[in-house]
Amino acid sequence: MARIIAGVSSSHVPAIGAAIDNKQTEEPYWKRVFSGFEKSKEWMAQAKPDVVILIYNDHASAFSVEMVPTFALGCAAEFPPADEGWGPRPVPVVKGHPQLAAHIAQSVILDEFDITVVNKMEVDHGLTVPMNLLFGSPKEWPCPVIPVAVNVVLYPPPTGHRCFMLGRAIRKAVESYPEDLRVVVFGTGGMSHQISGPRAGLINSKFDKAFLDNLSKNPKKLTRMPHIEYMREAGAEGIEMVMWLVMRGALPEKVDEVYRFYTVPASNTAVGHIILEPHHRAMKKAAGKAKKPAGKIKRAAAQAKAAVRRSR
Ligand SMILES: [Fe+2]
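Source: prediction; values computed, not measured.

A.B. asks: An account of the overall build of the protein is requested, with residue identities and associated values reported.
C.D. replies: Helix and strand counts for the protein come out as eleven helices and ten strands. Relative to the 2.2 N^0.38 estimate, which gives 20 Å for 312 residues, the radius of gyration of the protein is 21 Å and therefore close to what a compact globule would have. Expressed along its principal axes, the backbone C-alpha trace of the protein runs to roughly 85 × 50 × 40 Å. Looking at the protein as a whole, 51% of its 312 residues qualify as buried. The long-range share in the protein, meaning contacts at least 24 apart out of those at least 6 apart in sequence, stands at 81%. Carbon and sulfur atoms make up 56% of the accessible area of the protein, which amounts to about 15,000 Å² in all.

And the structure:
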């Protein structure tokens, strides 16, 4: 049976991708941002997911304003990087997982969650930047990725509650997939930022940090937050944070916060990042660690016995 082993959220600021592509990651301004993801990359290297389900929003790269699905599920075998005006980013083509994606489509649609099936799609910085932050810059991405695009660019975006419920439906779908796959769900976007208008440059660290606290411990509170509150407190583009609730809905009620990072600014936004694991997984890990000393004690006892036999 497939299972979700963790949820990861991170901002997907396009300037972070540009800093990687232009080899500026060691510059002091950017080093502050990238150093916050070093531990995350170590965590990911250990977690070794078989599949990533990545929740993001398309920025008029795959979908123009002529047609914007509220939720779109990438079911293709691969997703090339989109040309966002400067040519496609020099990142690997994202390989999909058509079998699991088709299973998710069937499960969530029969669960009355009408998602748009997308069989051909290019992916922009919304997807590729978080991949770089968590996996670095390999020649090939280490696992298949199922993109899930959420409309947060054209009014009206889905509510936080609807996003949370989509996460639940995705979890149900994953857990009914027969193959033994370890899945990590990404929620991306945010945090507080506004890119145009009189409040351009708005950053609200107090709101962002409270959002991270609630995401970890009290996500139900966030599901009740109306769009106007995101707009007022986190800026017009802060609405992207509803996508983090898809990730949170895909996890059980009780989670363990493995890691958190927050810094201001990156370009004109706040950067937030969190790694959550289902509580039972953390308990299992702890139990595994607790067993190790017992093993050591047994080995030491056996060695002591052998030493006694040899001395006779
Ligand atoms: Fe975005």
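A.B. asks: With reference to specific residues and values, describe a nonpolar patch on the surface.
C.D. replies: A contiguous nonpolar patch, built from V65, V153 and L154 and spanning about 280 Å² of accessible area, is present on the exposed surface. Tracing the backbone through its elements, the reader meets L154 in the loop between β7 (145–150) and α6 (160–175).

A.B. asks: Before we move on, can you summarise unusual backbone geometry with the specific residues and values?
C.D. replies: Put simply, Y155 and P156 share a cis peptide bond, and its omega is 0°. Within the element layout of this structure, P156 appears in the loop between β7 and α6. The omega torsion across G190 and M191 is -10°, close enough to zero to call that bond cis. Tracing the backbone shows M191 in the loop between β8 (182–188) and α7 (205–217). Not every positive phi belongs to a glycine, and K23 is a case in point at roughly 55°. Within the secondary structure, K23 sits in the loop between α1 (14–21) and α2 (28–35). For K23, a relative accessible area of 72% gives the class exposed. A positive phi angle, close to 45°, is found at K48, a residue other than glycine. As for its position among the elements, K48 is in the loop between α3 (38–47) and β2 (51–56).

Rules and cut-offs
- Sequence order as written defines residue numbering, which begins from 1 separately in each chain.
- Given that this is a predicted model, residues contribute local features only at a pLDDT of at least 70 and side-chain atom pairs are listed and counted only at 80 or more, while totals for whole chains, interfaces and linings are drawn from all residues.
- Hydrogens and water are ignored here; the side-chain numbers use all heavy atoms of the structure.
- By the criteria applied, helices consist of DSSP H or I runs no shorter than four residues and strands consist of E runs no shorter than two, each listed in order from the N terminus.
- Throughout, the radius of gyration refers to the C-alpha atoms, and the reference size of a globule is 2.2 Å times the residue count to the power 0.38.
- Note on exposure labels: buried denotes an accessible area under 20% of the residue type's maximum, exposed denotes more than 50%, and partly exposed covers the range between, all computed with a 1.4 Å probe on protein chains only.
- Whether two residues touch is decided by their heavy atoms; if any such pair falls within 4.5 Å, the residues are in contact.
- Under the convention used here, a 1.4 Å probe and the Shrake-Rupley method define accessible areas, while residue burial counts only the protein chains that appear.
- Surface patches are drawn from residues lacking salt bridges whose relative accessible area is over 30%; two like charges belong together within 9 Å, two nonpolar side chains (Val, Leu, Ile, Met, Phe, Trp, Tyr) within 5 Å.
- Here a salt bridge means any side-chain nitrogen of Lys or Arg lying within 4 Å of a carboxyl oxygen belonging to Asp or Glu.

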